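Residue strings, one per chain:
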Amino acid sequence: MQNDEGRLGMSVGNKKLILLVEDEPIIALAERMSLEAYGYRVAVASTGEQAVEMMKAETGVDMILMDIDLGAGIDGTEAARIILQENELPVVFLSSHTETAVVEKTEKITSYGYVVKNSGITVLDASIKMAFKLFAANRKIRDDSSLLNERERLLENILEHFPGRVFWKDKDLVYQGCNKNEASRLGFASPDEIVGKTDFDMPWTPDEAEIYRKADKDIMERGEPILHREQSRYAADGRLVWEDRNKVPLYDASGAIAGIFGVALDITARKSMEDALRESQRKDRFTMDMAPFGIFQMEENGDSIALNAMEYRQFECRSAEEYRAYYGDISRRWADPEKLAEFRKDLLESRVVRNREVRARLRDGRIKWFLLSAAYDGSTSTVLGVSLDITSTK
């Protein structure tokens, strides 16, 4: 093993460290001096075994120049194979052999260069620089490929676990992919089976296929998405399924439309809840309107929010709208302003006022008596109350 510059170590500045593996001392010295004159740092190993051990001990080598014939022991190709199992770096072979079989043997191990001995330092230097460029390019391709593969895996994971259906087509409306939910709905065992197919290959009629294709063409021609369109369909088991459907145009690197991307989310449960809520509200409304007394909800300032039929009928109105048009201002309903102020004060302080007898003035000036109870909700600043016409008792 060489000493001083011959020892392995980290590259200094921009100087690359090359491990020269050569069993002929005179040739090794000459090549080392030539390489150092061209700005490289050089370490020397005289056998394949020594090169393997040096690479195990140090990690600063940027490249190996490997002679093939190394005398007794392992040859250069075997030494390179062992080293490359644990290290990632370019290996350029040096040999006096020009036989095809020898060259092919080295290419099975690595392909960063094969230089015939005595080609001169100019050729060797050019080969070294080319090997470094090739190594850097291969590493970038590998890193880019690794990043791309990672992103593809992430996308596949998202698609696989997305609760809805996802698909995409090219500009000719040929399917290029989908997720498992879409494949299953269409009767395919895996998403791969949909690739290359069109809507005419799907389990719907030709007329339905034409309708879908026309809709997709319109989106691509306009360049505008269709978002949150609620549509229904029948599932294979006969269930009515509601979906929130979205389709957007896809663009290539030049900005031209290259296809279409679709997403559909099952909203059947939400629609059922909405229907149940509407039915509940309808029943509640029916119950309120059948009540023999007035029910009202108003804001803290007296503006009406909601009321039942008896409330507006007690004020001799034909509808809630007519009631709000005239009696929306609470001061118009109360015949005694001081009683209104007292009622508001008691309600805000105690939160509940029960069975308060009050006088109301109708549009024509007549007076009616009401038994009034109300509760104040501070969280919403609203008042919920009931009123009963007791005029006949006065």
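Keep in mind that this is a model prediction, so the values were computed, not measured. (Residues numbered from 1 in each chain as written. Predicted model: local features only at pLDDT ≥ 70, side-chain atom pairs only at ≥ 80, totals over all residues. Heavy atoms only, no water.)

## Some points on a nonpolar patch on the surface
For step 1, the next point in the chain: Together, Phe293, Val386 and Leu388 give the surface a local cluster of nonpolar side chains, amounting to about 210 Å² of exposed area.
For step 2, the next point in the chain: Relative to the helices and strands, Leu388 resides in strand β15 (residues 382–389).
For step 3, the next point in the chain: Judged by its relative accessible area of 37%, Leu388 falls in the partly exposed class. (Patch = residues over 30% accessible without salt bridge, like charges linked within 9 Å, V, L, I, M, F, W, Y side chains within 5 Å. Areas by Shrake-Rupley, 256 points an atom, 1.4 Å probe, with all protein chains shown as cover. Salt bridge = Lys/Arg side-chain N within 4 Å of Asp/Glu carboxyl O. Helix = DSSP H or I, 4+ residues; strand = E, 2+ residues; numbered from the N terminus. Buried < 20%, exposed > 50% of the residue type's maximum accessible area, 1.4 Å probe, protein only.)

## Examining the packing of helix α2 (residues 48–57) against helix α3 (residues 76–86)
Each pair of packed helices can be described by the angle between their axes along with the distance between the axes.
For step 1, the next point in the chain: For the pair α2 and α3, the least separation of the axes is 9 Å and the interaxial angle reads 15°. By the angle class used here, α2 and α3 are roughly parallel. With respect to the hand of their crossing, α2 and α3 are arranged in right-handed fashion. On α3, the residues touching Gly48, Ala51, Val52 and Met55 of α2 are Ala79, Ile82 and Ile83.
For step 2, the next point in the chain: For the contact of α2 with α3, the per-class residue count stands at 6 nonpolar, 1 polar and no charged. (Axes fitted to C-alpha atoms, helices over the stretch in contact; angles between N-to-C directions. Parallel < 35°, antiparallel > 145°, perpendicular 65-115°, else oblique. Left-handed = near helix turned anticlockwise from the far one by under 90°. Contact = heavy atoms within 4.5 Å. Nonpolar A, V, L, I, M, F, W, Y, C, P; charged D, E, K, R; others polar.)

## What about the sheet that holds strand β2 (residues 41–45)?
For step 1, the next point in the chain: Ordered by their spatial adjacency, 5 strands build an open sheet running β2-β1-β3-β4-β5, and the pairing between neighbours is parallel. Both edges of this open sheet fall to β2 and β5 (114–116), since each of them pairs with a single strand only. Going from strand to strand, the sheet's axes swing by 20° on average, the running direction of each strand aside.
For step 2, the next point in the chain: Pairing geometry for strand β1 (residues 17–21) and β2, over 5 bridges, is parallel. The residue bridging Val21 from the neighbouring strand is Ala45, located in β2.
For step 3, the next point in the chain: Contacting β1, β2, β3 (63–67) and β4 (91–95), helix α1 (residues 25–37) runs over the sheet at an angle of about 165° to β2.
For step 4, the next point in the chain: α2 rests against β1, β2 and β3 of the sheet, and its axis sits at about 130° to β2. (Pairing = 2+ DSSP bridges.)

## Thoughts on the confidence of the model for the chain
For step 1, the next point in the chain: Per-residue confidence for the chain gives a mean pLDDT of 87; residues scoring 70 or more make up 96%.
For step 2, the next point in the chain: By mean pLDDT, the top-scoring element of the chain is strand β6 (residues 165–170) (95), and the lowest-scoring one is helix α4 (residues 100–107) (74).
For step 3, the next point in the chain: The low-confidence segment residues 1–7 (pLDDT under 50) makes 16 contacts with residues lying over four places distant or belonging to another chain. (pLDDT = per-residue confidence, 0-100.)

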